[in-house]
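# Commentary on secondary and tertiary structure
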Amino acid sequence: MKDDYMHTVSVQVTDKTITSLAGIVEQQLLHDLDDMLRFAMPSKSMRDFGLPVPSVDVTGILQNRLLLEEMSYDKEELRKQHSDLVRKLNHHQRLVYDNVVSSINNNKQIYGKITLVVAASGIASLLLPSGTTAHSRFKIPIDLNNKKSCDIKKRTFLGNLLQQTTLILWDEAPMSDRKCFEYLDRSLRDVLACEEQPFGGISVLLGGDFLQILPVVPKSTRSEIKGLSLPSSYLWPYFKIQFLHTNMRLEPSDTIPHSSMNLSNFARWLLDIGDGHIGALDKDDPRDSSWVQIPPSLLISPSPNSLQTLMDFVYGDDILNMPTASQLSARAIVCPTNDSADEINCQVLKLVNTLARVYNSTDSMQPNGKHTSDLEGLYPIEYLNQLTFPGIPPHELLLKIDCPIMLL
Ligand SMILES: Nc1ncnc2c1ncn2[C@@H]1O[C@H](COP(=O)(O)OP(=O)(O)OP(=O)(O)O)[C@@H](O)[C@H]1O
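Throughout, a residue's number is its position along its own chain's written sequence, starting from 1. Two thresholds apply to this predicted model, a pLDDT of at least 70 for residue-level local features and 80 or more for giving and counting side-chain atom pairs, whereas whole-chain, interface and lining totals are computed over all residues. Computation of side-chain values covers all heavy atoms of the structure but excludes hydrogens and water.

The name that an unreviewed UniProt entry assigns to the protein is ATP-dependent DNA helicase, with the source organism given as Lactuca saligna. The Catalytic activity (unreviewed entry) comment attached to the protein in UniProt states, word for word, "ATP + H2O = ADP + phosphate + H(+)". We quote the UniProt Cofactor (unreviewed entry) comment for the protein here in full: "Mg(2+)". UniProt positions are given in the numbering used here, feature names are shortened, and annotations may be inferred rather than shown by experiment.

This part takes up the environment of Asn360. Position of Asn360 among the secondary structure elements: in strand 7 (residues 356-360). Along the backbone, Asn360 and Leu310 are 50 residues apart, and their C-alpha atoms lie at a distance of 30 Å. Asn360 has contacts with His395 and Glu396, leaving out every residue within four places of it along the chain. A run of DSSP states H or I qualifies as a helix once it reaches four residues; a run of E qualifies as a strand once it reaches two. Both are numbered from the N-terminal end. When checking whether two residues touch, look at their non-hydrogen atoms; a contact exists if any pair is within 4.5 Å.

Now for the site of the ligand. Near the ligand the following residues occur: Lys88, Leu89, Asn90, Gln93, Glu172, Gln212, Met248 and Arg249. Think of a polar contact as two N or O atoms within 3.5 Å of one another; within protein, one of them needs to be a possible hydrogen donor and the other a possible acceptor, and neighboring residues in sequence only count if both atoms come from side chains. Contact between the ligand and Glu172: an oxygen atom at 3.0 Å from a side-chain N or O atom of the residue. Looking at the shell around the ligand residue by residue, the classes come out as two nonpolar, three polar and three charged. Here, proximity means that at least one heavy atom of the residue falls within 4 Å of the molecule or strand. We call Asp, Glu, Lys and Arg charged. Ala, Val, Leu, Ile, Met, Phe, Trp, Tyr, Cys and Pro are nonpolar, and the rest, Gly among them, are polar.

At their nearest, the axes of helix 13 (residues 306-321) and helix 15 (residues 338-351) sit 12 Å apart, and the two run at 40° to each other. Taken together, helix 13 and helix 15 sit at an angle that is classed as oblique. Note on packing geometry: the crossing formed by helix 13 with helix 15 is right-handed. In this structure, helix 13 contributes Leu307, Gln308, Met311 and Leu320 to the contact, and helix 15 contributes Glu343, Ile344, Gln347, Val348 and Leu351. Looking at side-chain class alone, the contact of helix 13 with helix 15 contains six nonpolar, two polar and one charged residues. Here an axis means a line fitted to C-alpha atoms, over the contact stretch when the element is a helix, while the angle between two N-to-C directions is reported on a 0 to 180 degree scale. Should an angle lie under 35 degrees it is considered roughly parallel, over 145 roughly antiparallel, and from 65 to 115 roughly perpendicular; all remaining angles are considered oblique. Rotating anticlockwise by less than a right angle from the far helix to the near helix defines a left-handed crossing, while the corresponding clockwise rotation defines a right-handed one.

Attention now goes to the UniProt feature "coiled-coil region" (unreviewed entry) in the protein. Using the residue numbers shown here, the UniProt feature "coiled-coil region" (unreviewed entry) corresponds to residues 68-95. Between the end C-alpha atoms of residues 68-95 there is a gap of 31 Å, over a span that is 82% helix and 0% strand.

With that settled, the discussion passes to the nonpolar core. In a soluble, globular protein the nonpolar side chains are often hidden away together inside. Phe138, Ile140, Leu162, Trp170, Leu184, Leu188 and Phe199 are the most contacted members of the largest nonpolar core, which totals 42 residues. For this core, the secondary structure elements donating two or more residues are helix 3 (22-40), helix 4 (65-71), strand 1 (114-119), helix 8 (134-138), helix 9 (157-163), strand 3 (165-171) and helix 10 (178-191). Examining the composition of this core, we find that six residues originate from one element, helix 10, more than from any other. Setting aside chain neighbours within four positions, we find Phe138 in contact with Leu116, Val118, Cys150, Asp151, Ile152, Leu162, Ile168, Trp170 and Leu184. For the purposes of this section, nonpolar cores are sets of buried Ala, Val, Leu, Ile, Met, Phe, Trp, Tyr and Cys residues that join through side-chain atoms within 4.5 Å. Only protein chains enter the accessibility calculation, which uses a 1.4 Å probe. A residue is then buried if its area is under 20% of the maximum for its type, exposed if over 50%, and partly exposed in between. Of all hydrophobic cores here, the second largest spans eight residues; its members include Leu307, Val314, Ile319 and Ile333.

Moving on to the confidence of the model for the protein. pLDDT is defined as a per-residue confidence score from the predictor, taking values between 0 and 100. For the protein, the average pLDDT comes to 85, and 91% of its residues sit at 70 or higher. Complex prediction metrics read pTM 0.78 and ipTM 0.95.

The subject of this paragraph is the sheet that holds strand 4 (residues 203-206). Two modes of strand pairing occur in sheets, parallel and antiparallel, and in both the strands are linked by backbone hydrogen bonds. When DSSP locates at least two bridges between a pair of strands, those strands are taken to pair. Overall, parallel pairing links the four strands, which are arranged 2-1-3-4 in an open sheet. Of all the strands in the sheet, just strand 2 (132-133) and strand 4 have a single pairing partner and so form its edges. Most of the contacts of helix 6 (residues 91-105) go to strand 4, to which it runs at about 160°, and overall it touches strand 3 and strand 4. Along the sheet, helix 10 makes contact with strand 3 and strand 4, crossing strand 3 at roughly 170°.

Structural data, given as structure tokens:
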């Protein structure tokens, strides 16, 4: 019987992590034996046969693939990583860590302390181990105006998973619309039957920097965006704010051969820009923007060849002549707009001497309702070919043999 149960689990998790589920399999086995015994011999108990009585109710867990996924980590390996990482924490990181640990120590879940790791965007979630987007994990509606909570029901796999969750880590939280948190809050209070506590009593750690990206809503005004961001939520007063002051990317190290003085000046300068301490207000738009003078040492001087100079600076001749995936993945030119990304991609592709091929899209208008007449006259194919949309390749997609392509 135990082998049957282990087999059921083994098809859902890897060999390495199956041992961490042995305790649950054992409890399920004892539970089922106990049931059978009560049915066949109501006067006898497990103890009469020298068997232990099941200590926790694990009913349903072996069938719940969401719970199994979150419980089947290689705990030994994680313990090692944990002790290595905790040792490296700086003072402020340690304070956050201690707060989180003391917050979750009070929770009493049966199956262990499950942590769900989510991020506001798909790309941010890829950087987190086992990360998913908050929308997909919590079934947050895409249209936030028509609903009031997430699509989570009590007696479902997701409902059971949340009942066993101690901590939610939500990265890049300032990018999420405040309603995402409010919907989750309402759903968790309901699913966990805990109306009086925010998020139904689950600890929630949000990470992010309000100086980076706020919720993106096309064509909205500054005050509309402010109204959509988390500090405008009724939940904001429940959060304890903790600051991480040290820019760890700019800590002197063997791999960054700059003097520590330069690096700390640069870190300070970045913070001062974010905090609005430096820069001259734009006369035409004093509320929205200010002019910041970039020190010449950080600038590539403007010239007809400046894009090439930037590419040489970032990648160097060796990589540009013989690129490998690992070298390319360690560097990036960060672009503020898709147009700049397209321009740089085009320039880089020109450097590659291998065979090129253009893949054209097929564009046509789909009639909508009654407006079927003369669509081609109104929207000529040449016009459709010029349109570009985020997330969709351009009409003319140029690919070359051996050029790495990153699919997101
Ligand atoms: N205590 C530490 N010791 C050594 N390296 C660290 C430490 N803390 C962070 N780092 C390194 O600093 C870099 C930035 O860390 P991390 O990505 O966690 O910062 P972040 O604030 O989330 O960044 P972002 O603003 O891009 O989201 C990473 O390479 C990380 O490994």
